[in-house]
Amino acid sequence: MSDQKNKQRAFFQGLMRCHKQLGAALGIFIFVLCFSGTVSIFHGEIAIWESAKLSNAYGPVAGRFDDAPVDKIMQRAIADFGGEDGRDVEVFNVRQDTPGQRFLLSNTHTESDEAWHLSYWDGSTGELIAHQQMGISKIVREIHTDFYLPSPWGRYAIGVLGVIFMMMAVGGILIHRNWRRESDQLRFDQKDRHKWSDLHKLSGFWALPFHITIGFTGALLGLLGVILIMMALVAYGGDQDAAIADIFGKDPEMSHEQAPIPAMQPFVTKAREDMQAGFNPQRVTAVYPGDKNMFVLVYGSYPETLGIDSFAKYRVDTGEPIKFVDYIHDNVALRVYSASVPLHYATFGGPMMKFIYFALGILSCLLPATGLYLWLRRRPFDWQARLVYWGLLAVPVASAFGFAGALFVKWLPAFTTLSFATSSIWYSGAAFVLGLLFVAWQAWRGDNMQAGFVQSMALSAMLLAITAVFDVVLQASQGFSLWAPQAWGTDVALLLMAALAFYLKQRLQLKSDVADEAVVLAN
């Protein structure tokens, strides 16, 4: 019995060491992943918020996608971005941003400059509302999806971190075997170590199902390329193209022979008939428009189902189907993958679900943040501690700078007279980098970690609150009647982040003031 207890104790001690060492080594990356993912929940809303034209473009419901002027939008986009005779366009797609909202989005990929041209259109008239390249929304989103690393290695790194995050969340519950007693314990009136330790445990315990869901789905999406490689090795003799063609259908090769671009809506109607009952088309993609071997994909969803859009793929020259991929009614593996996307990005359940995910995402951020804080306070403030401190504050503070920069681009005449498509990413990005430099400078010059956290949180709270308030004031000067809900929803999210930063600043400053008072009394 004694040997059994010793083995059990050794196992949990080893698990604790592994938990601490992984947390210290990868905690910064996990925190950046969680924070950027939490902000990216509102990726589409922030993209609309960044443009004054889009913020003032709310209107009547556009109706069904079948009735949208898809052909008009396609011809206009290819004429505007496709070079001579539209020959430079490789891929074009148009989709509903949110079913029932005014916006239709198009992406036109040009072969010569390898660029995606994003445009917003009126879903009722087909008129162009804005052409833009996203700014801070794109920066934070790409940090979350691939850390700005070369493809596909960034995705793989994110997938591995998803696995580690899930394992550490579960491991933390196993380590703290007295979770029933500790699950409602938050000792704010006790020592600083107890306060942050309790917060670390509570954020892990109460949001554990969310942590597991996000970790698993993030790992699946990030490592999908590796899964396809393994599947190709096992079932297709290493031929990845054959594996992909078996799942998604073999695409025709570009012929370089010109042909007229047909109307898209007949393919939308055909897909509604060919797919399972209830199929609701929401996106059309045309590949090689103007080429003899052009083919079309019609994406759509099924009502009251959790999954990404299924699609029907057709040849244009013959009208014959290439492949029907139905994520909802096909095999279990496709259904698991299909459900992972909305579960990870909160693209189901409407705006309320996004705010629920936002609150749970904050708890995910608290796990690595509180763990790293506990680790930092036990060691001298050497270069390693400075590096961790810099990494912990870098993205939140830089994002606050980025949002302030995006506000300037959005409203100041000096910026709005420029092409938004070329200015937003650069000016928001410059503000983001300025925030990184501020944190690096502060972390390097300061020896008081507590004071550094207080100053950083105070500045972040001020920037976010001023950005949201000024946006509302400037919007009021334009009138609220056409204020898009995505835009004011983003302002609400910015105020929530400002309130959280201010709360953290107050808690940290209170502790610092108490410590200073104790020193004065001791002297």
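Residues numbered from 1 in each chain as written. Predicted model: local features only at pLDDT ≥ 70, side-chain atom pairs only at ≥ 80, totals over all residues. Heavy atoms only, no water.

Asks: So what's going on with the environment of Asp-198? Residues and values would help.
Replies: Among the secondary structure elements, Asp-198 is positioned in helix α8 (residues 192–206). Measuring from C-alpha to C-alpha, the distance between Asp-198 and Thr-370 comes to 9.4 Å, with 172 residues separating the pair along the chain. (Helix = DSSP H or I, 4+ residues; strand = E, 2+ residues; numbered from the N terminus.)

Asks: Tell me about the pattern of salt bridges, residues and numbers included.
Replies: Tallied over the full model, the rule gives eight salt bridges. Note that Lys-410 is salt-bridged to Asp-471, the shortest N-O span being 2.8 Å. With Lys-410 in helix α15 (residues 383–411) and Asp-471 in helix α18 (residues 449–478), this pair connects stretches of sequence that are 61 residues apart. Of the two residues examined, Lys-410 and Asp-471, each falls in the buried class. (Salt bridge = Lys/Arg side-chain N within 4 Å of Asp/Glu carboxyl O. Buried < 20%, exposed > 50% of the residue type's maximum accessible area, 1.4 Å probe, protein only.)

Asks: Go over the sheet that holds strand β7 (residues 310–315) with me, naming the residues and quoting the values.
Replies: Spatially, β4-β3-β2-β1-β5-β6-β7-β8 is the arrangement adopted by the eight strands of the open sheet, whose pairing is antiparallel. Of all the strands in the sheet, just β4 (128–132) and β8 (321–325) have a single pairing partner and so form its edges. Sheet twist, expressed as the average angle between the axes of neighbouring strands with direction ignored, equals 15°. Bridge count between strand β1 (residues 89–96) and strand β5 (residues 280–287): five bridges; the pairing is antiparallel. Looking at β5, one finds that Val-91 is bridged to Val-287. Sitting on the sheet, helix α11 (residues 240–248) is in contact with β7 and β8, with an inclination near 80° to β8. (Pairing = 2+ DSSP bridges. Axes fitted to C-alpha atoms, helices over the stretch in contact; angles between N-to-C directions. Contact = heavy atoms within 4.5 Å.)

Asks: Pulling in residues and values, what's your account of unusual backbone geometry?
Replies: Here the bond from Ser-151 into Pro-152 is cis, since omega is 5°, no more than 30 degrees from zero. Mapping Pro-152 onto the fold places it in the loop between α5 (136–146) and α6 (153–175).

Asks: Explain the packing of aromatic side chains residue by residue, including any values.
Replies: In the structure shown here, the tally under the stated rule is 22 aromatic pairs. With 5.9 Å between their ring centres and 45° between their planes, Phe-267 and Tyr-314 make a pair best called tilted. Of the two residues, Phe-267 is situated in helix α12 (residues 265–274) and Tyr-314 in strand β7; the sequence distance between them amounts to 47 residues. Tyr-314 matches Phe-267 in its accessibility class, with the two residues each being buried. The ring centre of Tyr-299 lies 3.8 Å from the NZ or CZ of Arg-283, which sits over that ring. (Phe/Tyr/Trp six-rings, centres within 6.5 Å; stacked < 30°, edge-to-face > 60°. Lys NZ or Arg CZ within 6 Å of the ring centre and 35° of its normal.)

Asks: Please give an account of the pairing of β1 that cites residues and values.
Replies: With six of eight residues buried, β1 is to be regarded as a mostly interior element. Pairing of β1 with strand β2 (residues 103–110), which is carried by seven bridges, proceeds in the antiparallel orientation. If you follow Arg-95 over to β2, its bridge partner there is Leu-105.

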